[in-house]
Amino acid sequence: MNRGPITVRYATALFELGKENDDLDRFNEDVAILQEQCLNVRDFCAFLNNPVIKASRKKETLRNVLSKELHPLVMRFVEMVVDKNRESLLPDMLRFFRELYKKHKGIRSVKIITAVAFEKDYLKELQSFLEREFNGPIEMVVKVKPEIIGGMIMLVDDKIVDNSIAHQIKMLKKKIVS
């Protein structure tokens with residue numbers, strides 16, 4: 001089964017529903033909650049994907065756990081996904097919804113990889129600087145990877161700027177060998 005068109009169709013439907021109801025920001029917050037559950041609560045996905053548990057039981061449990069946190073239409077969307085037996089596709093639907101939301105709001109995705117952790121004040125300053133440079137809001141994720149030795153790798157949307165010491169050593173090695 002090709003997962004792509006199905007996830008795109010469901011995510012787009014949820015996105016359009018949020019726009020129609022002028023509640024897109026709230027929908028995005030709810031999708032973030034669901035994504036957090038899918039990514040960080042192992043039992044959540046195991047529960048959803050368990051073929052032994054009936055759809056009615058899954059929906060009842062989801063309502064009990066999430067209905068106070070989620071917009072009623074987002075909750076109904078999750079129930080519909082369960083009804084259609086598409087639970088395994090939910091994480092991809094949520095990810096694609098977030099992509100649509102960011103594109104709609106003009107939010108750029110920036111991933112920073114450093115050898116050591118930056119202080120929070122510096123990260124705020126860096127975020128402000130990047131928002132000014134890109135003329136709009138950014139969503140910044142910071143990862144620490146000591147193996148880059150020093151410097152920084154920055155991924156913006158689909159572009160990479162590698163200014164790490166490890167990369168510079170690799171390039172220098174290439175020059176010496178050539």
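Predicted model only: the values in this text are computed from it and were never measured.

*Asks:* Talk me through the sheet that holds strand S4 (residues 159-164); I want residue IDs and the actual numbers.
*Replies:* With respect to topology, 4 strands assemble into an open sheet ordered S2-S1-S3-S4, the strand pairing being mixed. The two strands at the open ends of the sheet, each matched to only one other strand, are strand S2 (138-144) and S4. Going across the sheet, the axis of each strand differs from the next one's by a mean of 15 degrees, ignoring polarity. Direction of pairing for strand S1 (residues 108-114) relative to S2: parallel, over a ladder of 7 bridges. From the neighbouring strand, lysine 111 faces S2, where its bridge partner is valine 141. Contacts between helix H7 (residues 120-133) and the sheet are confined to S1, S2 and strand S3 (151-156), with S2 contributing the most and set at about 140 degrees to the helix.

*Asks:* Give me the packing of aromatic side chains: which residues, what numbers.
*Replies:* Applying the stated criterion across every chain yields a total of 3 aromatic pairs. Ring centres of phenylalanine 15 and phenylalanine 97 lie 6.0 Å apart, and the angle between their planes is 65 degrees; on these two criteria the pair is classed as edge-to-face. Residue phenylalanine 15 is located in helix H1 (residues 3-20), and its partner phenylalanine 97 is located in helix H6 (residues 90-105); the two are separated by 82 residues in the primary sequence. Of the two residues examined, phenylalanine 15 and phenylalanine 97, each falls in the buried class. One residue, arginine 108, lies across the ring of phenylalanine 134, its end atom 4.6 Å from the ring centre.

Rules and cut-offs
- Residues numbered from 1 in each chain as written.
- Predicted model: local features only at pLDDT ≥ 70, side-chain atom pairs only at ≥ 80, totals over all residues.
- Heavy atoms only, no water.
- Pairing = 2+ DSSP bridges.
- Helix = DSSP H or I, 4+ residues; strand = E, 2+ residues; numbered from the N terminus.
- Axes fitted to C-alpha atoms, helices over the stretch in contact; angles between N-to-C directions.
- Contact = heavy atoms within 4.5 Å.
- Phe/Tyr/Trp six-rings, centres within 6.5 Å; stacked < 30°, edge-to-face > 60°.
- Buried < 20%, exposed > 50% of the residue type's maximum accessible area, 1.4 Å probe, protein only.
- Lys NZ or Arg CZ within 6 Å of the ring centre and 35° of its normal.

Shape descriptors only; they carry no functional weight alone.
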